[in-house]
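# Per-entry structural report
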Amino acid sequence: SFSLIAIRAIRKTGKVISDDHLASYIHRWNVISHLLGLDSALAMHSVRRASMLSRAIERCQFRKSEDGLALTNALLKSIYDQAGFSESYKRILSSYMGYLIGDPTARYLNLKTSEGITNLFELNSLLT
């Protein structure tokens, strides 16, 4: 699930990811899973199967939680604390994060999204 969330977000920015790169990315997550001691039966060796598993996990497991909110807030604070991170970027960062991960996950993490913001980010992706 983590691996494909990142891929989906990258694609939303307008970047093209080749099938070979996607397969390599899935393979790396399988290696990481093995090193973490996860059951090898859960390893997905095709993009299609990995996508199906990811969607199933999202449907069954994704929900609002205090831990999820705390991790999201810690990530935002860490980014905000970076030297040179301007106030104007701070105002749109959580909306951009929400756009990249999509609804309803963004709502679970209290990241604001709206149709107008989504349209703006999609237009930016097209132009870049």
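Described in the following lines is the structure provided in the data block. Small disclaimer: the values here were computed from a predicted structure and weren't measured.

## Some details on the overall build of the protein
Helices and strands together make up the secondary structure of the protein, namely seven helices and zero strands. The helix and strand sequence of the protein, counted from the amino end, reads α-α-α-α-α-α-α. By its C-alpha atoms, the protein is 45 × 35 × 30 Å across when sized along the principal axes. Out of the 128 residues belonging to the protein, those deemed buried represent 24%.

## Side note on helix H2 (residues 19–35)
Along its 17 residues, H2 runs 24 Å from first to last C-alpha, staying within 8% of the 24 Å computed at 1.5 Å per residue. Regarding H2, the residues found buried are Leu22, Ile26 and Asn30. All buried residues of H2 lie within an arc of 85 degrees about the axis, which places them on one face of the element. Exposed and facing more than 90 degrees away from the buried side of H2 are Asp20, His21, Arg28 and Leu35. Looking one or two residues past H2, glycine 37 carries a phi angle of roughly 90 degrees, positive in sign.

## Let's talk about unusual backbone geometry
Cis geometry is adopted by the peptide bond preceding proline 104, which originates at aspartate 103 and carries an omega value of 5 degrees. Inspection of the secondary structure assignment puts proline 104 in the loop between helix H5 (87–101) and helix H6 (105–108). We note that asparagine 110 has phi near 60 degrees; this positive angle belongs to a residue other than glycine. Note that asparagine 110 resides in the loop between H6 and helix H7 (115–127). Its relative accessible area of 48% is what places asparagine 110 among the partly exposed residues.

## Overview of the packing of aromatic side chains
Summed over the entire model, instances satisfying the criterion amount to one aromatic pair. Above the ring of tyrosine 99, the side-chain terminus of lysine 12 is found at 4.9 Å from the ring centroid.

## Points about the nonpolar core
A general trend in soluble globular proteins is that nonpolar side chains are found buried together. Of all hydrophobic cores here, the largest spans seven residues; its members are Leu4, Ile7, Ile17, Leu22, Ile26, Met44 and Ala50. Of all the elements in the fold, those that place two or more residues in this core are helix H1 (2–12) and H2. With sequence-adjacent residues up to four places away left out, isoleucine 17 is seen in contact with Ile7, Ile10, Arg11 and Leu22. Membership of the second largest hydrophobic core comes to six residues, among which are Leu76, Met97, Ala106 and Leu111.

## Points about the environment of leucine 22
Along the chain, leucine 22 turns up in helix H2. Judged by its relative accessible area of 5%, leucine 22 is buried. A C-alpha to C-alpha distance of 7.4 Å links leucine 22 and valine 47, two positions 25 residues apart in sequence. Leucine 22 has contacts with Ile7, Arg11, Ile17 and Val47, leaving out every residue within four places of it along the chain.

How each quantity is defined
- Residues numbered from 1 in each chain as written.
- Predicted model: local features only at pLDDT ≥ 70, side-chain atom pairs only at ≥ 80, totals over all residues.
- Heavy atoms only, no water.
- Helix = DSSP H or I, 4+ residues; strand = E, 2+ residues; numbered from the N terminus.
- Buried < 20%, exposed > 50% of the residue type's maximum accessible area, 1.4 Å probe, protein only.
- Expected span 1.5 Å × (residues − 1).
- Arc of directions from axis to C-beta.
- Phe/Tyr/Trp six-rings, centres within 6.5 Å; stacked < 30°, edge-to-face > 60°.
- Lys NZ or Arg CZ within 6 Å of the ring centre and 35° of its normal.
- Core = buried A, V, L, I, M, F, W, Y, C linked by side-chain atoms within 4.5 Å.
- Contact = heavy atoms within 4.5 Å.

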